[in-house]
Amino acid sequence: MNEPNRSAPVGVIIAVDPDRFAEVVEALRQAGLTVTGEQPILGTLSGTVAEDRIPALEAVDGVDSVDRDRTVQLPPPDSPIQ
């Protein structure tokens, strides 16, 4: 039995209606998001999701935007990798 191909997980940063934060976060979890960070006062959260599920996140009522996480990890200043 073949399982459907799932796309690789990607990091996302999502802006939501801060007045409905808990409700929207729960709907995002049901749409496939794994939450890794929350800032309720700012109305933002971060997480991972299969890339093919991003449209489902964007369709959640109360979501303002879904962007790929562009966080870059820099080596420490004393690292041989510069």
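Read on for an overview of the structure. Keep in mind that this is a model prediction, so the values were computed, not measured.

A few points about the overall build of the protein chain
Item 1. For the protein chain, the helix and strand inventory stands at two helices and four strands.
Item 2. For the protein chain, the residues scored as buried account for 30% of the 82 residues in total.
Item 3. Counting contacts in the protein chain only where the partners sit at least 6 residues apart, residues at least 24 apart contribute 62% of the total.
Item 4. Split by element, the accessible area of the protein chain, about 5800 Å² in all, is 52% carbon and sulfur.

With respect to the sheet that holds strand 1 (residues 9-16)
Item 1. Spatially, 2-3-1-4 is the arrangement adopted by the four strands of the open sheet, whose pairing is antiparallel. Both edges of this open sheet fall to strand 2 (34-39) and strand 4 (63-68), since each of them pairs with a single strand only. Pairs of neighbouring strands in the sheet enclose a mean axial angle of 25°, with direction left out of account.
Item 2. Where strand 2 lies against strand 3 (residues 44-50), five bridges are found, and the strand directions are antiparallel. Opposite Glu38, over in strand 3, you have Leu45 as the bridge partner.

Structural notes on the pattern of salt bridges
Item 1. Under the definition given, this model contains four salt bridges.
Item 2. For Glu23, the salt bridge goes to Arg20, with nearest N and O atoms at 2.9 Å.
Item 3. Judged by its relative accessible area of 24%, Arg20 is partly exposed.
Item 4. Here Arg68 makes a salt bridge to Glu51, at a shortest N to O gap of 1.9 Å. Of the two residues, Arg68 sits in strand 4 while Glu51 sits in the loop between strand 3 and helix 2 (54-58), which places them 17 residues apart along the sequence.
Item 5. Taking the relative accessible area as the measure of exposure, Glu51 reaches 37% and is therefore partly exposed.

As for the pairing of strand 1
On a regular strand, one side chain projects to one face of the sheet and the next to the other, so that they alternate.
Item 1. Here strand 1 shows a clear split, with Val10, Val12, Ile14 and Val16 buried on one side and none of Pro9, Gly11, Ile13 and Ala15 buried on the other.
Item 2. Across five bridges, strand 1 lies against strand 4 in antiparallel orientation. Each residue of the ladder has a partner; that of Val12, found in strand 4, is Arg68.

Notes on the environment of Ala31
Item 1. Assignment of secondary structure puts Ala31 in the loop between helix 1 (21-30) and strand 2.
Item 2. Sequence spacing of Ala31 and Ile54 is 23 residues, and the spatial spacing of their C-alpha atoms is 8.9 Å.
Item 3. Residues in contact with Ala31, not counting those within four places in the same chain, are Arg53, Ala56, Leu57 and Val60.

Reading the values: the criteria
Residues numbered from 1 in each chain as written. Predicted model: local features only at pLDDT ≥ 70, side-chain atom pairs only at ≥ 80, totals over all residues. Heavy atoms only, no water. Helix = DSSP H or I, 4+ residues; strand = E, 2+ residues; numbered from the N terminus. Buried < 20%, exposed > 50% of the residue type's maximum accessible area, 1.4 Å probe, protein only. Contact = heavy atoms within 4.5 Å. Areas by Shrake-Rupley, 256 points an atom, 1.4 Å probe, with all protein chains shown as cover. Pairing = 2+ DSSP bridges. Axes fitted to C-alpha atoms, helices over the stretch in contact; angles between N-to-C directions. Salt bridge = Lys/Arg side-chain N within 4 Å of Asp/Glu carboxyl O.

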